[in-house]
Amino acid sequence: MNIRTTESLNYFQPSTYSGKSLGLNKSLISRHAMTVLKGLKKNGYDSYLVGGCVRDLLLGLEPKDFDVATNARPDQVRHVFRNARVIGRRFKIVHVRFGREVIEVATYRSAPASSHQDQSTHRIGEQGRLLADNVYGTRDEDAMRRDLSVNALYYDPATDEILDYHDGLDDIQHGRLRVIGEASERYREDPVRMLRVVRFAAKLGFEIEPSASNAIDKNVGLLTNVPAARLFDEVLKLFHSGSAIATFEKLRQHGLFEYLFPATEHILNSEEEGFPRTFLPLALKNTDKRILQGKPVIPSFLYAVLLWEPFRYYKEIARSQGANEYDSIHQAADQAIVEQLSTVAIPRRYTAQMREIWLMQYFFDQRRSRQVFRLLENRKFRAGYDFLLLRASVGQAKPEIAEWWTRIQDADEDERRRMLKSLTGGSKKRRPRKKKKS
Ligand code: ATP
Ligand code: MG
């Protein structure tokens, strides 16, 4: 690797390879990504596929999404495509939309803030976190801004040329994740990078290079500086990646899970009647299975699963303080959710669904005849029922109850009536008289 020294920075010059010689399968590239690449070129701009999609193509995997890097500024990109929108969050990028597929186009960014004299363009927070980073740069600089060597590969399908700035190809071939630059400094700039490293390690089955791994252990506490709204999205990426269980285990190993879900971690460390708590691992394995089978997964279900142990814990406390079952559910849901919101901002529509999933568990267990049809018609019935099956498989719900709810869904009208009759009035406590009559 050649290093070119300029005034304040060492820029790396890329090694180049042909995609074909590395077995890169071009047919896995989305045609919409190709349209974007060609459109930019036609207008005189640079355009490359970059990041995870190049990494995945080299691994023979189908990329989850396609990111494009260019020297065109966001407003220039917007003028090239009618279906483009500038998205202005931490970094200004352009989304070019084709039906359900979005191609993300990012302008080359300039080198890390720490190396810049002009701190007005790269704002840094007290802990070294980058607060603004919207300074455009060259491709060489852009490569240095990226998090991992394996994510800093640029590919031009028109010439079949791969540009490798940080020996990412070697790391891909050795199954290794290496942070570009000094790991602690890069985590300080953006603590979410620690979560990304763990996510890729779990998803790709790669080793985290020791210096990058040790630096996570030293910097876990930085996660408290990340805005709770951003963590909501990151948590979904962590657990809806198809490798939720492996990610969960790695997050716990590195002490990161504790920062994301403090109450859950605390309770997971205690046994239940002499046994480890298995609900969450089982639920995450099940999430992976669903994704593998192409079945839908929803954020509220995931969060209901992640906060189930704190919910149960608070419910027991409310019960022991004299609240009835129904009230204790509401109190516990309030407590588990409100406490979590300071770390991860779960939007209101999802917290409402989480409560519904939890409350349904109570009605499932009760099987009160008046509630049965209401439950079957509930829009979130399927989610509640899937949750019940998970509870049943770890002994938190009676198998015959889960089996009853499985049967009633497919039963015809007569059969449903028979099933309800066999319940003999449902709740004993609430209807003592009816019970006597029958
Ligand atoms: P995947 O899409 O498979 O989850 P990815 O690597 O493509 O993985 P994206 O979030 O799509 O991840 O980001 C695209 C690229 O942008 C990354 O590969 C990386 O080069 C760069 N990038 C994203 N987030 C960061 C970050 N927090 N710090 C530095 N670079 C980043
Ligand atoms: Mg990507």
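Each chain carries its own residue numbering, running from 1 in the direction its sequence is written. For naming, the first written chain is A and the first written ligand is 1, with later ones following in the order written. Local features in this predicted model are restricted to residues of pLDDT 70 or higher, and side-chain atom pairs are both shown and tallied only at a pLDDT of 80 or more, whereas totals for entire chains, interfaces and linings draw on every residue. In computing side-chain properties, one takes all heavy atoms of the structure into account and sets aside hydrogens as well as water.

J.: Honestly, the site of ligand 1 in this entry has me stumped. Any pointers?
T.: Throughout, near means a residue has at least one heavy atom within 4 Å of the molecule or strand. Arg146, Asp190, Arg193, Arg196 and Arg199 are the nearest of the 17 residues found near ligand 1. Pairs of N or O atoms are called polar contacts if they sit within 3.5 Å, as long as, within protein, a hydrogen donor faces a hydrogen acceptor (for residues adjacent in sequence, only side-chain-to-side-chain pairs). Within the backbone of Gly52, one N or O atom sits 3.0 Å away from an oxygen atom of ligand 1. In this structure, Arg199 approaches ligand 1 through a side-chain N or O atom, which is 2.8 Å from an oxygen atom. Here the Shrake-Rupley method, with its probe set to 1.4 Å, supplies the accessible areas, and only the displayed protein chains count as covering residues. Burial of ligand 1 by the protein amounts to 87% of the accessible area it has alone, namely 590 Å². The helix and strand labels rest on DSSP assignments: H or I over at least four residues marks a helix, E over at least two residues marks a strand, and numbering proceeds from the N terminus. For the shell around ligand 1, the secondary structure elements donating two or more residues are helix 2 (52-58) and helix 7 (192-204). Residue contributions to the shell around ligand 1 peak at five residues, all from helix 7. Under the scheme applied here, ten amino acids are nonpolar (Ala, Val, Leu, Ile, Met, Phe, Trp, Tyr, Cys and Pro), four are charged (Asp, Glu, Lys and Arg), and all others, including Gly, are polar. Within the shell around ligand 1, the residues separate by chemical class into one nonpolar, three polar and 13 charged.

J.: Can you help me understand the side chain of Gln353 in this one?
T.: Within the fold, Gln353 resides in helix 17 (residues 348-366). The class for Gln353 is buried, based on a relative accessible area of 18%. Every residue in contact with Gln353, bar those within four places of it in the chain, is listed here: Ser300 and Lys380. Relative accessibility thresholds used throughout: buried, under 20% of the residue-type maximum; exposed, over 50%; partly exposed, between the two (1.4 Å probe, protein chains only). Only heavy atoms matter for contacts: two residues are in contact if any of them lie within 4.5 Å across the pair.

J.: Would you explain the nonpolar core in this entry?
T.: Leu49, Phe239, Tyr303, Trp358 and Trp405 are the most contacted members of the largest nonpolar core, which has 116 residues in total. Considering each element in turn, this core owes the most residues, nine residues, to helix 17. Domain segmentation is taken from an automatic or database assignment of domains. Two domains each donate at least three residues to this core, and these are domain 1 (9-226) and domain 2 (265-421). Apart from residues no more than four positions distant in its own chain, Phe239 is found in contact with Ala244, Phe248, Leu251, Phe257, Phe261, Leu284, Thr287, Leu302 and Leu306. Residue types Ala, Val, Leu, Ile, Met, Phe, Trp, Tyr and Cys, when buried and joined through side-chain atoms within 4.5 Å, form a set referred to as a nonpolar core. Formed by eight residues, the second largest nonpolar core is a distinct cluster that contains Tyr48, Val50, Tyr154 and Leu163.

J.: Explain the confidence of the model for the protein to me, please; I cannot follow it from the model alone.
T.: Regions with low pLDDT carry predicted coordinates that are not meant to be interpreted in detail. Here the protein shows a mean pLDDT of 90. Residues at 70 or above account for 88%. A residue's pLDDT is the predictor's confidence in that residue, given on a scale from 0 to 100. The low-confidence segment residues 114-121 (pLDDT under 50) makes 14 contacts with residues lying over four places distant or belonging to another chain.

J.: Explain the pattern of salt bridges here, please?
T.: The term salt bridge refers to a pairing of a side-chain nitrogen on Lys or Arg with a carboxyl oxygen on Asp or Glu at a separation within 4 Å. One pass over the structure, following the stated rule, counts 31 salt bridges. Each of Arg145, Arg186, Glu189 and Arg193 takes part in salt bridges that share partners, so that together they form one network.

J.: Quick question: what am I supposed to make of the sheet that holds strand 4 (residues 48-50) here?
T.: The strands that make up a sheet are held in pairs by hydrogen bonds between backbone atoms, and each pair lies either parallel or antiparallel. Paired strands, as defined in this entry, are two strands with at least two bridges between them according to DSSP. The strand order across the open sheet built from eight strands is 3-10-9-4-5-8-7-6, with neighbouring strands paired in mixed fashion. Looking at which strands have only one partner, the edges of the open sheet turn out to be strand 3 (15-18) and strand 6 (84-88). For this sheet, the mean angle separating the axes of adjacent strands, direction not counted, is 30°. Note that strand 7 (residues 92-98) and strand 8 (residues 101-107) share six bridges and pair antiparallel. Here, axes are lines fitted to C-alpha atoms. For helices the fit covers the stretch in contact, and angles between N-to-C directions go from 0 to 180 degrees.

J.: Hey, could you run me through the packing of helix 17 against helix 19 (residues 381-393) in this one?
T.: When two helices pack together, their arrangement is captured by the angle between the axes and the distance separating the axes. At a minimum axis separation of 9 Å, helix 17 and helix 19 run at an interaxial angle of 65°. Of the possible angle classes, the one that applies to helix 17 and helix 19 is roughly perpendicular. Handedness of the crossing formed by helix 17 with helix 19: right-handed. Every residue of helix 19 that contacts helix 17 at Ile357, Trp358, Met360, Gln361, Phe364 and Asp365 is listed here: Phe381, Ala383, Gly384, Tyr385, Phe387, Leu388 and Arg391. Residues belonging to the contact of helix 17 with helix 19 are distributed by class as follows: nine nonpolar, two polar and two charged. Working rule for angles: under 35 degrees goes down as roughly parallel, over 145 as roughly antiparallel, 65 to 115 as roughly perpendicular, anything else as oblique. By definition, any crossing whose near helix is turned counterclockwise from its far helix by less than a right angle is left-handed, and any crossing with a clockwise turn is right-handed.

J.: Explain the packing of aromatic side chains to me, please; I cannot follow it from the model alone.
T.: Working definition: an aromatic ring pair is given by the centre-to-centre distance plus the angle between the planes. The aromatic pairing rule takes the rings of Phe, Tyr and Trp, using the six-membered ring of Trp, and pairs them if the centres are within 6.5 Å, calling planes under 30 degrees apart stacked, those over 60 edge-to-face and the rest tilted. As enumerated under the stated definition, the model contains 21 aromatic pairs in all. Each ring, one from Tyr154 and one from Tyr165, has its centre 5.5 Å from the other, and the planes form 70°; the classification is edge-to-face. One end of the pair, Tyr154, is in strand 9 (residues 153-156); the other, Tyr165, is in the loop between strand 10 (161-164) and helix 5 (168-173), and eleven residues separate them in sequence. Tyr165 matches Tyr154 in its accessibility class, with the two residues each being buried. Through a chain of ring-to-ring contacts, the aromatic side chains of Phe232, Phe248, Phe257, Phe261, Tyr303 and Tyr350 assemble into a single cluster. Sitting over a ring, as applied to charges here, requires NZ of Lys or CZ of Arg to be within 6 Å of the ring centre and within 35 degrees of the ring normal. Seen from the ring of Trp404, Arg367 lies directly overhead, with NZ or CZ sitting 5.1 Å from the centre.

J.: Would you mind showing me how to read the coordination of the magnesium ion (ligand 2) here?
T.: In ideal tetrahedral geometry, four donors around a metal make angles of 109.5 degrees, whereas ideal octahedral geometry with six donors gives angles of 90 or 180 degrees. Ligation of the magnesium ion (ligand 2) by protein atoms is provided by Asp65 (OD) and Asp67 (OD), these donors lying 2.2 to 2.5 Å from the ion. A relative accessible area of 31% means that Asp65 is categorised as partly exposed. Atoms are scored as donors when they are N, O or S and lie within 2.8 Å of the metal, with 3.2 Å used for Na, K and Ca; no water is included, so coordination may look incomplete.

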